[in-house]
Number of protein chains: 2
Amino acid sequence: MAVGDVSMPQMHVVQGVKLSAVEAYIRYPNRRDLVLLQFAADTQVAGVFTQNAFCAAPVTVSKMHLEQSNPRYLLINTGNANAGTGPQGLSNAQQSCLKLSELAAVEMAQVLPFSTGVIGEQLPIQRLIDGLPQALAALRDDAWVDAAAGIMTTDTTPKGASEQFECDGIVYSMTGISKGAGMIRPNMATMLAFVATDFPISAEILQQLLTRTVNRSFNRITIDGDTSTNDSCILAATGQAGGACLENLDDPRYGVVAEVLERVMTRLAQLIVRDGEGATKFITVTVEGGAHTQECCDVAYSIAHSPLVKTALFASDPNWGRILCAIGYAGVVDLDVNKVQVWLDDVQICKDGGAAEDYTEAAGVAVMQRPEMTIRVDLGRGVAKDTVYTCDLSYDYVKINADYRS
Amino acid sequence: MAVGDVSMPQMHVVQGVKLSAVEAYIRYPNRRDLVLLQFAADTQVAGVFTQNAFCAAPVTVSKMHLEQSNPRYLLINTGNANAGTGPQGLSNAQQSCLKLSELAAVEMAQVLPFSTGVIGEQLPIQRLIDGLPQALAALRDDAWVDAAAGIMTTDTTPKGASEQFECDGIVYSMTGISKGAGMIRPNMATMLAFVATDFPISAEILQQLLTRTVNRSFNRITIDGDTSTNDSCILAATGQAGGACLENLDDPRYGVVAEVLERVMTRLAQLIVRDGEGATKFITVTVEGGAHTQECCDVAYSIAHSPLVKTALFASDPNWGRILCAIGYAGVVDLDVNKVQVWLDDVQICKDGGAAEDYTEAAGVAVMQRPEMTIRVDLGRGVAKDTVYTCDLSYDYVKINADYRS
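Residues numbered from 1 in each chain as written. Chains lettered and ligands numbered in written order. Predicted model: local features only at pLDDT ≥ 70, side-chain atom pairs only at ≥ 80, totals over all residues. Heavy atoms only, no water.

Per an unreviewed UniProt entry, chain A is named Arginine biosynthesis bifunctional protein ArgJ, and its organism is Acinetobacter larvae. The record in UniProt for chain A states the following under Subcellular location (unreviewed entry): "Cytoplasm". Under the Sequence similarities (unreviewed entry) heading, UniProt states for chain A: "Belongs to the ArgJ family." (UniProt positions renumbered as here; feature names shortened; annotations may be inferred.)

Trainee: So what exactly am I meant to see when it comes to the domain arrangement of chain A here?
Mentor: Frequently, the measure chosen for interface size is the accessible area that the parts lose on association. Residues and elements named next belong to chain A. By domain assignment, chain A separates into domain 1 (17–274) and domain 2 (282–403). Computed from C-alpha atoms alone, the centre-to-centre distance between domain 1 and domain 2 is 33 Å. Contact between domain 1 and domain 2 buries roughly 1300 Å² in total, counting both sides, with carbon and sulfur atoms accounting for 56%. When the buried surface of domain 1 facing domain 2 is broken down by residue, Arg220, Thr222 and Arg274 rank first, second and third, together holding 44% of it. A salt bridge links Glu372 to Arg274; the nearest nitrogen and oxygen atoms lie 2.6 Å apart. Seen at the junction of domain 1 and domain 2, the total is 1 residue pair in polar contact (both at pLDDT 80 or more). Split by residue class, the side of domain 1 that touches domain 2 holds 3 nonpolar, 6 polar and 4 charged. (Domains from an automatic or database assignment. Buried area = accessible area lost by both parts, 1.4 Å probe. Salt bridge = Lys/Arg side-chain N within 4 Å of Asp/Glu carboxyl O. Polar contact = N/O pair within 3.5 Å; in protein donor to acceptor, adjacent residues only side chain to side chain. Nonpolar A, V, L, I, M, F, W, Y, C, P; charged D, E, K, R; others polar.)

Trainee: Sorry, what's going on with the packing of helix α2 (residues 86–104) of chain B against helix α3 (residues 125–137) of chain B here?
Mentor: Geometry of a packed helix pair, given as the angle between the helix axes and the separation of the axes. Residue and element names in this part refer to chain B. One way to put it is that α2 packs onto α3 with a least axis distance of 10 Å and a crossing angle of 25°. With respect to each other, α2 and α3 are oriented roughly parallel. Read as a crossing pair, α2 and α3 show a hand that is right-handed. Of the residues in α3, those touching α2 at Asn92, Gln95, Ser96, Lys99, Leu100, Leu103 and Ala104 are Ile125, Leu128, Ile129, Leu132, Pro133 and Leu136. Considered class by class, the residues forming the contact of α2 with α3 number 9 nonpolar, 3 polar and 1 charged. (Axes fitted to C-alpha atoms, helices over the stretch in contact; angles between N-to-C directions. Helix = DSSP H or I, 4+ residues; strand = E, 2+ residues; numbered from the N terminus. Parallel < 35°, antiparallel > 145°, perpendicular 65-115°, else oblique. Left-handed = near helix turned anticlockwise from the far one by under 90°. Contact = heavy atoms within 4.5 Å.)

Trainee: Got a minute to help me understand the packing of aromatic side chains in this structure?
Mentor: Given two aromatic rings, one states the distance between the centres and the angle between the planes to describe the pair. All names here are of chain A. This model, assessed by the stated rule, comprises 12 aromatic pairs over all chains. Consider the rings of Phe114 and Phe194, whose centres lie 5.0 Å apart with planes at 75°: the pair is edge-to-face. Taken together, the residues Phe114 in strand β5 (residues 111–118) and Phe194 in strand β8 (residues 192–197) connect sequence positions 80 residues apart. Both residues of the pair, Phe114 and Phe194, belong to the buried class. For Arg127, the ring lying beneath its charged end belongs to Tyr25, and the centroid distance is 5.0 Å. (Phe/Tyr/Trp six-rings, centres within 6.5 Å; stacked < 30°, edge-to-face > 60°. Buried < 20%, exposed > 50% of the residue type's maximum accessible area, 1.4 Å probe, protein only. Lys NZ or Arg CZ within 6 Å of the ring centre and 35° of its normal.)

Trainee: Looking at this model, I keep getting lost on the relation of the copies chain B and chain A. Mind explaining?
Mentor: To go from the first copy of the chain to the second, apply a rotation about an axis and then a shift along the same axis. Superposition record for chain B on chain A: RMSD 0.0 Å, screw rotation 180°, translation along axis 0.0 Å. On the angle and the small slide along the axis, the relation comes out as a two-fold axis. Residue Tyr395 of chain B, judged by its C-alpha, is the member of chain B lying nearest the rotation axis, at 2.7 Å. By residue overlap, the copies meet face to face through one surface: 100% of the interface positions of chain B are interface positions in chain A. (Least-squares fit on C-alpha atoms with pLDDT ≥ 70 in both.)

Trainee: Would you mind going over helix α8 (residues 307–314) of chain A with me for this structure?
Mentor: Residues and elements named next belong to chain A. The buried fraction of α8 amounts to 7 of the 8 residues, a majority that puts the element mostly inside the structure. Those residues of α8 that sit buried are Pro307, Leu308, Val309, Lys310, Thr311, Ala312 and Leu313. At the C-terminal side of α8, Ser316 shows a positive phi close to 55°.

Trainee: I'm lost on the pairing of strand β9 (residues 232–237) of chain A in this one. Help?
Mentor: Two faces, one strand: in a regular strand the side chains alternate between the faces of the sheet. Residues and elements named next belong to chain A. Most of β9 sits out of view: 6 of its 6 residues are buried. Here 6 bridges tie β8 to β9, and the two strands are oriented parallel to one another. Counterpart to Ala193 in the pairing with β9 is Cys233. (Pairing = 2+ DSSP bridges.)

Trainee: Would you mind showing me how to read the confidence of the model for chain A here?
Mentor: Parts of the prediction with low pLDDT should not have their coordinates interpreted in detail. Residue and element names in this part refer to chain A. Summing up the model confidence of chain A, the mean pLDDT is 89 and the portion of residues at 70 or higher is 94%. The secondary-structure element of chain A with the lowest mean pLDDT is helix α11 (residues 395–403), recorded at 77, while helix α3 (residues 125–137) shows the highest, at 97. pLDDT under 50 marks residues 186–190. Its contacts with residues more than four places away, or in other chains, come to 29 contacts. (pLDDT = per-residue confidence, 0-100.)

Trainee: What is the right way to read the pattern of salt bridges from this model?
Mentor: A pair can form between side chains of opposite charge whenever their charged atoms are brought close. Applying the stated criterion across every chain, the model contains 27 salt bridges over all chains. A salt bridge links Arg32 of chain B to Asp146 of chain B; the nearest nitrogen and oxygen atoms lie 3.2 Å apart. With Arg32 of chain B in the loop between β1 (17–22) and β2 (34–39) and Asp146 of chain B in helix α4 (residues 144–150), the pair connects residues that are 114 residues apart, well separated along the chain. The network of salt bridges with common partners includes Asp155, Lys159 and Asp275 of chain A.

Trainee: What am I meant to see in the sheet that holds strand β11 (residues 341–344) of chain B here?
Mentor: Either a parallel or an antiparallel arrangement is found when strands of a sheet pair, and the pairing is made through backbone hydrogen bonds. All names here are of chain B. The strand order across the open sheet formed by 6 strands is β13-β12-β11-β14-β10-β15, and the pairing between neighbours is mixed. The two strands at the open ends of the sheet, each matched to only one other strand, are β13 (354–355) and β15 (384–391). For strand β10 (residues 282–290) and strand β14 (residues 372–378), the ladder comprises 7 bridges, and the chain directions are parallel. By the bridge assignment for β14, Phe282 is matched with Glu372. Together, β10, β14 and β15 form the strand contacts of helix α7 (residues 293–305), whose direction differs from that of β15 by roughly 20°. On the sheet, helix α10 (residues 361–368) packs against β11, β12 (347–351) and β14 and is oriented at approximately 60° with respect to β11.

Okay, structure coming up:
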């Protein structure tokens, strides 16, 4: 059960984007596991990918193809990550692109492949290829919800975010989907996220927007600290809604688009945490008063990764000593612990490095029982700030990951 | 239930060391929670302590006292960590030393305090002080087992190691105890470990021996990646068994002592992992073929910390993709994944970065079902090697840590 409101919003059609989700029996029967996104000609596409050295074959191929061409198709399968699969895995990823490019009459490099699922097994490439004609035939502009469902693995809910916004009298759409519930500590992007707008944006600005926004959204979440082999995030701008192309940062429309993108991507990233494997709580960790943003980020992740903090959150136990402990080993140089303050929502639990005098266990428990709460830390060293989103560690996390392959 | 043989060996008396364990009701009634170690005059004492910025009050005081004097007493309480307790906590730690020094007619700085237990609550100092006369009266040279039991918190078994060895016709003893089962990712030393020998060793050599050996034992284990606020490891040499003082590294006896110490400390460190909270498996992670030791250590810890690897170990699931994934995000610069080999005990699961051709799931499962196994990685970059010890992540880890304070 995901935490809080994870309902699918109205998914606005993005002009120039069509989608489909079909059954190809990649791993399990009777589920849509092959998803296709088609972009109109001249769509600009930007991507960020996992930093894991064992990056999956489709990541390698997608990065290569993205350098060579303007992609027209995203080909996504679930059930199999095609990672740790050596030369055969690379060949399979390339073959899937080749077959689709032949059927769709585009260049092979105009297809970007994505896979998610079990690591270390070869992709059932023939079944995937057999599903392609059906996927092409099923393309529709209103299939965002189907696509969101089709990329799920251990996710319990499809994840989508969508907004409309107006610039110079034109109404644009920004719509995206994401998936991921475990092996989540993105380092460049989350497992899989695809966002598209019909706003016209140049390639350069698009990549800048994507990198900037991923660092404020997908790169600020953690479930279990495991950086996946397959993390990929794609942002596409079809330009099909019209208007002048956004080509420089001084364009007054830049701020509007950036703001909408940040809301959409933050929502998609938070949805992944809300659906974290076994999660019963959605936790915002905000660290302020740092000398620089990196140390705030380090402290926030130290808290968000601590199994002891996460089990205390699961138990609704305001065991703030574990939070102090995690702050203490975050590696902040010359941290003066006597200047550290910690709050659970509005309740100050730690003042000047020790217990806050007016803190009561009852007040702490009352906050910890909330399904959504904020751990706020002030380091007392400066004005930098950063925020990370995470969830608790429950019996079900262990159950899900001990049972995943069976 | 601890994994494998964790039985207490014959704990050889160390001449010049007396111990006691009494009930002081630090947190729970009817348990020995106050432990005292007394060293003969002129005993040399060396220590290493946690690197956590929020180090506990007793750690601060012990470090200070160790610089000022030759300690005669170690005063240890369980049930309360005296960490995150501010000025009051420091005062309490100092007061406990002062009271003991008055009763024992030594200097205050000759007492080193140690605490372990819940973080963030003030020490019940009066109850602790009230227990001191009884602790002094109960000192005996054969109470190592009682002391091992008296320092336990969530440990399910007392932990001890002991050897006798001969140099120049004299028989010496080396005996130690340790505790710790959660919040274990030592960075200098484990939660608490106390080792003593009646071999005569100079202060300088003693500190060198301790630092060297801790880096090969306590600094190579992890249960949950949480570096505690209270980690402390003490090594004492009473010299009471006679013989010339070991004063330089060229002394042929140095190698003998170093070897015994490494065996004793490695056993004490491994006992902590075997008794890891909720542990059902004892795992050795060996990484070889590295360009330098640090990257081997990084990769070993990356595997040993991964919740996905640890839950797969719990499930006896040879999900080697998770191991590759953890290797991939360990931050090894320019890792060529095509040179990586991985074995589970004697079964090669990954060859040249992909699945080993002759690997079968059945062979993998057979190894994974063993209560003790080795994950061996060859990075194919050089000749450096390092080893880390860890355990799996089970339902019971979550249960223990969600329930700990209730």
